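Understanding the architecture of this molecule
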Amino acid sequence: MDDVIMRAADVLLAIPGLLLSLAIITALGFGTVNVAIAVGAASIASVARIMRSEVLRVRSSPYIEAAYTSGNRWVRVLGRHVLPNAIGPVIVLAVLELGGAILAVSALSFLGYGAQPPLAEWGSLVAAGRDYLRYAWWLTTFPGIVIALTVLAANRLSRALDSDRSSR
Amino acid sequence: MTVGSHGFNAADGAPRPVLTVEGLSVSYETSRGTVDAVQDISFHVGAGETVAIVGESGSGKSTTAHAIVRLLPASSRVGADAAVLGDVDLVAASDAEFTRIRGRRIGLVPQDPTVSLNPVTRIGAQVAEVLLVHGLADKRTAHARVVEALAEAGLPDPELRARQYPHELSGGMRQRVLIATALIGRPELIVADEPTSALDVTVQRQILDQLDRVRRDTGTGILLITHDLGVAADRADRILVMHRGRLVEAGTPDEVLGAPRDPYTRRLIAAAPSLSVHRGAASLLAAESQEPQQSEAPASGLAWQARSRTDEQAERDAASRPAVLEARDLVKEFALPRGSAAATQRAVDGVSFAIPHATTLALVGESGSGKTTTARLALRLTEPTSGEILLDGEDVTSVRGRHLRDLRRRVQLVQQNPYATLNPRLSVEQLVVDPLRAFGVGDRRSRTQRAAELLDVVALPVSALHRRPSELSGGQRQRVAIARALAISPELLVLDEPVSALDVSIQHQILSLLVGLQRDFGLTYLFISHDLAVVRQIAHRVAVLRTGRVVETGTVDEIFDSPRDDYTRALIDAIPGGGVGTTRTTTTPTTRDSPADLSHPTVLPHQGAS
């Protein structure tokens, strides 16, 4: 079971994320929700990896053995002892991936795969404004700055979470 | 032979001092302000002299050692009136000058040999590094010097060892490599920071013998940092006792141990298990029955005290009831990686024992003897390859599901390292009631009440209920672990090295607590330990394990007073502190064919009296 999942993750990791998202979105069709699914699917592998290694680390700690000898059932050990101790790095990664995801979604909608015209979206705003770059530079620049700031903010948040976690 | 009682006055013809330290202070800058780790310490080490600094964790003994070799973190501030090594002023020396001093003039033997060697470099190259960086030899001549140093450090086959990698060597051998590294530059001073704390007792003794020999042969001064008063008493010419960063006592072993002036030293001596073994009055069991009022458990009002009984009842029960835990011919084989010489390795090889009600059986052995595996088998955390485990006469070797959970209810575990055995995310209350919740005992309120009672039993304040493990000290954590194990009133506690990670005075408290609990609640203990001195304090019966087999069983007195097996004798002889109060010999010769030496094919020549 573990082998199957991890080999699948290896395969996913071997394909560049944006390419995978493009492939999924061409299969599912255009639209905001589909872009979200496509970008999410591309980051499954790295999250799965981190989660697995954390669970393996926590599972071998003496307090898990203590939990079993205390008479806890498997599900309870997993839910109460393993998961809370293993989830930290995954949350940090998730926040970090949020920045990456925003960038990926913007890239996809810049290419026109995301929200369709009447709906506004940062990536499509950049795309729409690029023809008028010489006369109205702000049309592309401001959405671009907002994207960059959001991604940086997510990064910063992730780092803050990480140092908070490791200081405990 | 060096005699410990010579004065250290220059007029008495004492050795010339190699290291003189006066008024050494170290403080750390932390986010909560300045912490004084070492305050105003003065001492000196003479040529060919061993000076031991003894103290518990946090006493500043390692900080002192590191301050001398200037290996402290950047957040530290060191001040000293004088620190002189031979002709060098260590206070005034620049960092560049210090680089030339380390390795060349001061050798350092670090604490944990398992992590102190570079795993990807051959032994020879690592030892030679000292020579090369100090320009003491070139690449061609270094090899011969390395082999010589390895031989001097007591490694058999030094030529072969020089070509090997650290993982191919045992812990004791690695420590010898580190000693070789420390002495190859012919330093005037060797600073040994707990050089044997990570090693088995028999190996510890060999290593300390080796350091003694090196000191005698080369006239090096040794600054020995240790937490073990027994080791200090055996090996040192002078002992310095540190407590909370201050020097509280200094003198020869006879002075310090015979007539301690400071109350802290007296407490330390009273708590040191290795010393009490040799003093005779070792067992806490006897001490406890003489002073029943010392009980740390409350006397009444608890529902679960139904199990509490008087001694007479216990005896009657013990006679009529089957052994609480019985192991019959337990065998556990582990699969070895493919390509090894054998397909499996027997970690436990036909171990049998029985523990009568309300008594303690100690399983003693060195690392790799299979004692922890035996404990895990008894707990059904691993499946035995063959053999039977009986609990109250009932075969539980292969029970599963509901019955296995019933077993968990009757057998509880206290693990070795209290820093790792408590889930860091839960509060003390949640930790203690975890077994109750797991078995669905009581409701929320009754469980909270029970947690408070349990903390009372293990002598922790009720205010600890809402703390997290990280806010507790090692001893307090171990008390929480014991409270958790007691929560569902088990019959049998498996104690896997419960005190080996703790300071001696804390060890003593925890052992007293365990003895008190056994008396009050009629608990049965399976006590796993590598420390014979601790075992003597708590056990009724002892089983000595060696390479998965029981080599000897008997009552504590039988084992300690008249051991039948050579290995048992070697283990007992290796307990440090034996020289105290008697004629001080540096080494007690072991039996010629002592099996403890088998791990080191070349038996080191033990020196006779000089």
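Our subject is the structure that appears above.
To start, this report covers the structure provided alongside it.

About the thresholds
- Residues numbered from 1 in each chain as written.
- Chains lettered and ligands numbered in written order.
- Predicted model: local features only at pLDDT ≥ 70, side-chain atom pairs only at ≥ 80, totals over all residues.
- Heavy atoms only, no water.
- Contact = heavy atoms within 4.5 Å.
- Buried area = accessible area lost by both parts, 1.4 Å probe.
- Salt bridge = Lys/Arg side-chain N within 4 Å of Asp/Glu carboxyl O.
- Helix = DSSP H or I, 4+ residues; strand = E, 2+ residues; numbered from the N terminus.
- Axes fitted to C-alpha atoms, helices over the stretch in contact; angles between N-to-C directions.
- Parallel < 35°, antiparallel > 145°, perpendicular 65-115°, else oblique.
- Left-handed = near helix turned anticlockwise from the far one by under 90°.
- Pairing = 2+ DSSP bridges.
- Buried < 20%, exposed > 50% of the residue type's maximum accessible area, 1.4 Å probe, protein only.
- Lys, Arg positive; Asp, Glu negative; His and termini not counted.
- Polar contact = N/O pair within 3.5 Å; in protein donor to acceptor, adjacent residues only side chain to side chain.

As for the interface of chain A and chain B
Each partner contributes to the interface: chain A provides 17 residues, whereas chain B provides 23 residues. With both chains or domains summed, chain A and chain B bury close to 1800 Å², and 44% of this area falls on carbon and sulfur atoms. Per-residue buried area on chain A facing chain B is highest for A:Thr69, A:Ser70 and A:Arg80; these three make up 32% of the total on that side. Residue A:Glu65 pairs with B:Arg376 through a salt bridge whose shortest N-O separation is 2.0 Å. Listed by contribution, the elements that provide at least two residues to the side of chain A that touches chain B are helix H5 (62-69) and helix H6 (74-110) of chain A. When residues in the side of chain A that touches chain B are grouped by element, the largest group, seven residues, is from H5(A).

Remarks on the packing of helix H10 (residues 263-271) of chain B against helix H19 (residues 504-521) of chain B
Residue and element names in this part refer to chain B. Between H10 and H19, the least distance of the axes is 8 Å, while the angle of their chain directions is 55°. What the angle tells us is that H10 and H19 run oblique. As H10 runs across H19, the sense of the crossing is left-handed. Residues Leu268, Ala270 and Ala271 of H10 lie in contact with H19, whose contacting residues are Val504, Ser505 and His508.

A few points about unusual backbone geometry
All names here are of chain B. Located in the positive-phi region is Asp392, a residue other than glycine, with phi close to 50°. In this structure, Asp392 sits in the loop between strand E15 (386-391) and strand E16 (394-395). Look at Ser489: it is not a glycine, yet its phi comes out positive at around 50°. Secondary-structure assignment places Ser489 in the loop between helix H18 (474-486) and strand E18 (492-496).

Let's talk about the sheet that holds strand E8 (residues 189-193) of chain B
All names here are of chain B. Read across the sheet, six strands follow the order E7-E8-E9-E3-E10-E11 without closing on themselves; strand pairing throughout is mixed. Since the sheet does not close on itself, it has two edges, and those belong to strand E7 (106-109) and strand E11 (246-251), each with one partner. Sheet twist, expressed as the average angle between the axes of neighbouring strands with direction ignored, equals 20°. Where helix H1 (residues 61-68) meets the sheet, it contacts strand E3 (50-54), E7, E8, strand E9 (221-226) and strand E10 (238-243), and its direction lies at approximately 145° from that of E9. Along the sheet, H10 contacts E3, E10 and E11; its crossing angle with E10, the most-contacted strand, is approximately 105°.

Regarding the side chain of B:Glu56
Residues and elements named next belong to chain B. With respect to the element layout, Glu56 can be found in the loop between E3 and H1. Despite its burial, Glu56 pairs with no opposite charge; the closest candidate is Arg267, at 6.2 Å N-O. Within polar-contact distance, the side chain of Glu56 engages the side chain of Tyr264 at 3.1 Å. Of note is the side chain of Glu56, whose polar atom sits 2.9 Å from the side chain of Ser505.

Comments concerning the pairing of strand E20 (residues 541-546) of chain B
All names here are of chain B. In this structure, strand E14 (residues 360-364) lies alongside E20, joined through four bridges in parallel fashion. By the bridge assignment, Leu363 is partnered in E20 with Ala543. In this sheet, strand E21 (residues 549-555) lies alongside E20 in antiparallel orientation, the contact comprising six bridges. Counted as the bridge partner of Val542 is Gly554 from E21. Between E20 and E21, which pair antiparallel one after the other, the connecting turn spans two residues, and Thr547 there sits at a positive phi close to 40°.

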